[in-house]
Amino acid sequence: MKISNSFIYVIAAFLVSITLMLSCCTLVDSAEVGIKFKKFSLTEQGKLDATNVAGYVFYNPFTTDVFTYPTYVQIIDCPSIKITTNDQINFTADPTVHYQLDRNRVVDIFAKYRTSINELQEQVVLTYIVNAYRLVANKYSADGLTANRNSFEEDVRCVLDSTMGKEGFIIGEFTSNIDPPKSLQESIDSKAKAVQAALRAENEVLEAEAKAKIAIATAEGDAKAMKIKADAEAYYNRTIAASLTHNIVLEDWIEKWDGKMPQIQGNSNMMPMINFSH
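In this text the structure is predicted, and so the values were computed from the model without any measurement. (Residues numbered from 1 in each chain as written. Predicted model: local features only at pLDDT ≥ 70, side-chain atom pairs only at ≥ 80, totals over all residues. Heavy atoms only, no water.)

Asks: Provide a residue-level description of the overall build of the protein chain, including the pertinent values.
Replies: Counting its regular elements, the protein chain contains six helices and 11 strands. In the protein chain, which comprises 278 residues, the share counted as buried stands at 23%. The long-range fraction of contacts in the protein chain, counting pairs at least 24 apart against all pairs at least 6 apart in sequence, stands at 69%. Carbon and sulfur atoms make up 58% of the accessible area of the protein chain, which totals about 19,700 Å². (Helix = DSSP H or I, 4+ residues; strand = E, 2+ residues; numbered from the N terminus. Buried < 20%, exposed > 50% of the residue type's maximum accessible area, 1.4 Å probe, protein only. Contact = heavy atoms within 4.5 Å. Areas by Shrake-Rupley, 256 points an atom, 1.4 Å probe, with all protein chains shown as cover.)

Asks: Give a detailed account of the pattern of salt bridges, specifying residues and quantitative values.
Replies: What the rule picks out here adds up to four salt bridges. Salt-bridge contacts for Arg 105 lead to Asp 108; the nearest nitrogen and oxygen are separated by 3.4 Å. Close ionic contact of Glu 207 with Lys 211 constitutes a salt bridge, the shortest N to O distance being 3.5 Å. Taken together, the residues span about one helical turn, with Glu 207 and Lys 211 both in helix α6 (residues 182–256) at a distance of four residues. (Salt bridge = Lys/Arg side-chain N within 4 Å of Asp/Glu carboxyl O.)

Asks: Would you mind going over the packing of aromatic side chains in detail, with residue names and values included?
Replies: Note on aromatic pairs: each is described by the distance of the centres and the angle between the planes. If you walk through the whole model with that rule in mind, you get seven aromatic pairs. Relative to Phe 152, the ring of Tyr 133 lies with its centre 5.9 Å away and its plane at 55°, an arrangement referred to as tilted. Of this pair, Tyr 133 sits in helix α3 (residues 117–137) while Phe 152 is found in helix α5 (residues 149–163), placing the two residues 19 residues apart along the sequence. Residue Tyr 133 shares its accessibility class with Phe 152, and that shared class is buried. Through a chain of ring-to-ring contacts, the aromatic side chains of Phe 37, Phe 67, Tyr 69 and Phe 110 assemble into a single cluster. (Phe/Tyr/Trp six-rings, centres within 6.5 Å; stacked < 30°, edge-to-face > 60°.)

Asks: Before we move on, could you go through the nonpolar core and cite the residues and values that matter?
Replies: Membership of the largest hydrophobic core comes to 43 residues, with the highest contact counts inside it found for Tyr 69, Ile 83, Leu 101, Ile 129, Phe 152 and Phe 169. With 12 residues, the top contributor of residues to this core is α3. If you look at the next biggest cluster of nonpolar residues, it comprises five residues, including Val 53, Val 57, Tyr 59 and Val 66. (Core = buried A, V, L, I, M, F, W, Y, C linked by side-chain atoms within 4.5 Å.)

Asks: Tell me what's going on with the packing of α3 against α5, and back it up with residues and numbers.
Replies: Helix-helix packing is described using two parameters, namely the angle between the two axes and the distance between the axes. Packing of α3 against α5 leaves a shortest axis separation of 9 Å and a crossing angle of 135°. Considering their axes alone, α3 and α5 lie oblique with respect to each other. For the element pair α3 and α5, the recorded crossing hand is right-handed. Of the residues in α5, those in contact with Tyr 128, Ile 129, Ala 132, Tyr 133, Leu 135, Val 136 and Ala 137 of α3 are Phe 152, Asp 155, Val 156, Val 159, Leu 160 and Thr 163. Its residues assigned to classes, the contact of α3 with α5 comprises 11 nonpolar, one polar and one charged. (Axes fitted to C-alpha atoms, helices over the stretch in contact; angles between N-to-C directions. Parallel < 35°, antiparallel > 145°, perpendicular 65-115°, else oblique. Left-handed = near helix turned anticlockwise from the far one by under 90°. Nonpolar A, V, L, I, M, F, W, Y, C, P; charged D, E, K, R; others polar.)

Asks: Could you give me a rundown of unusual backbone geometry, with the residues and numbers involved?
Replies: At Gln 88, a position not held by glycine, the phi torsion is positive, near 65°. Residue Asn 177 is not a glycine yet carries a positive backbone phi of 50°. On the secondary structure map, Asn 177 appears in the loop between β10 (169–175) and β11 (178–179).

Asks: A description of the environment of Leu 27 should follow, citing residues and the corresponding values.
Replies: Following the sequence through the fold, Leu 27 ends up in strand β1 (residues 25–28). Considered as a pair, Leu 27 and Val 53 are 26 residues apart in the sequence and their alpha carbons are 9.6 Å apart.

Asks: If you had to explain the pairing of strand β9 (residues 96–101) to someone new, which residues and values would you point to?
Replies: On a regular strand, each side chain points to the face opposite its neighbour's, so the side chains alternate between the two faces of the sheet. Direction of pairing for strand β6 (residues 74–77) relative to β9: antiparallel, over a ladder of four bridges. The residue bridging Asp 77 from the neighbouring strand is Thr 96, located in β9. Across five bridges, the pairing between β9 and β10 is antiparallel. Its bridge partner being in β10, Tyr 99 is matched across the sheet by Ile 171. (Pairing = 2+ DSSP bridges.)

Asks: Please set out the sheet that holds β9 residue by residue, giving values where relevant.
Replies: Strand pairing in a sheet relies on backbone hydrogen bonds, with the paired strands running either antiparallel or parallel. Read from one edge to the other, the open sheet built from three strands follows the order β6-β9-β10, with strand pairing classed as antiparallel. Of all strands in the sheet, those bounded by a partner on one side alone are β6 and β10. Adjacent strand axes in the sheet meet at a mean angle of 25° when their direction is disregarded.

Asks: Describe the side chain of Glu 167, naming the residues involved and giving the relevant values.
Replies: Inspection of the secondary structure assignment puts Glu 167 in the loop between α5 and β10. Classification of Glu 167 by relative accessible area gives buried; the value is 12%. For Glu 167, the side chain forms a polar contact with the side chain of Lys 112, separated by 2.7 Å. Here the side chain of Glu 167 touches Tyr 128 through a polar contact of 3.0 Å, side chain to side chain. Excluding anything up to four places from it in sequence, Glu 167 contacts Arg 105, Ile 109, Lys 112, Tyr 113 and Tyr 128. (Polar contact = N/O pair within 3.5 Å; in protein donor to acceptor, adjacent residues only side chain to side chain.)

Asks: So what's going on with α5? Which residues, and what values?
Replies: Along its 15 residues, α5 runs 21 Å from first to last C-alpha, staying within 8% of the 21 Å computed at 1.5 Å per residue. Of the positions making up α5, those classed as buried are Phe 152, Val 156, Val 159 and Leu 160. What you see down the axis of α5 is that its buried residues fit within an arc of 100°, all on one side. Turned more than 90 degrees away from the buried face of α5 sit Asn 150, Glu 154 and Cys 158, all of them exposed. Where α5 is buried, its residues contact β7 (81–84), α3, α4 (142–147), β10 and β11. (Expected span 1.5 Å × (residues − 1). Arc of directions from axis to C-beta.)

What follows is the structure in structure tokens.
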């Protein structure tokens, strides 16, 4: 069966149409923002003629193009940043910053930088972060930065919100990981050890004083107990002595008596009277 040329032309035209349709359509994911812009024209204000798009987007690839930016959170692990305090002490910061693009500002970001998210991060975002850390560090002394790292990070955030926020970047969580120079760290460690030693000595003094007070209280308690015991024994002895003195004297008199009656003058019929009641 011979295929006519007209049928071949129809098939070819259909395939070309399908190819053109595929090249004129793109899908913008829900986690992205699409920017549909005209390649060769500007607005009356001289700005890029672009609009936000989402879902399936059809366009003329000869005069129009579609660029996408992700709007989910991006994480940038910055290389070590050398920061200098106002007393000329060098610290090192290794910040990790979370950020994302403002959906309502992606057209402005693209119009200004015309670059991918990776290049945007390396060339723009990183520059803002480095400048913010160096600017804020210059407002602190070495001791102030060491003792007030939370305040330092709050100041860095304020700078980033001010500079990057107006560009369309939303700053999320970040950590600074600040390290002082070795000499300063050794000095900090020495001070910390000295403070710990002083606290330990103070605690030992307080403990010794407490033990001494306990010993004094114990001794006073023992002395009072002994006095009470001694007073009780003395009272007991006095009571016993008072009750036994007459009997003891009488017993002693009897033991010393030789059995002879005392010699008295008088009638022989008289009996000697001995008073034992005293």
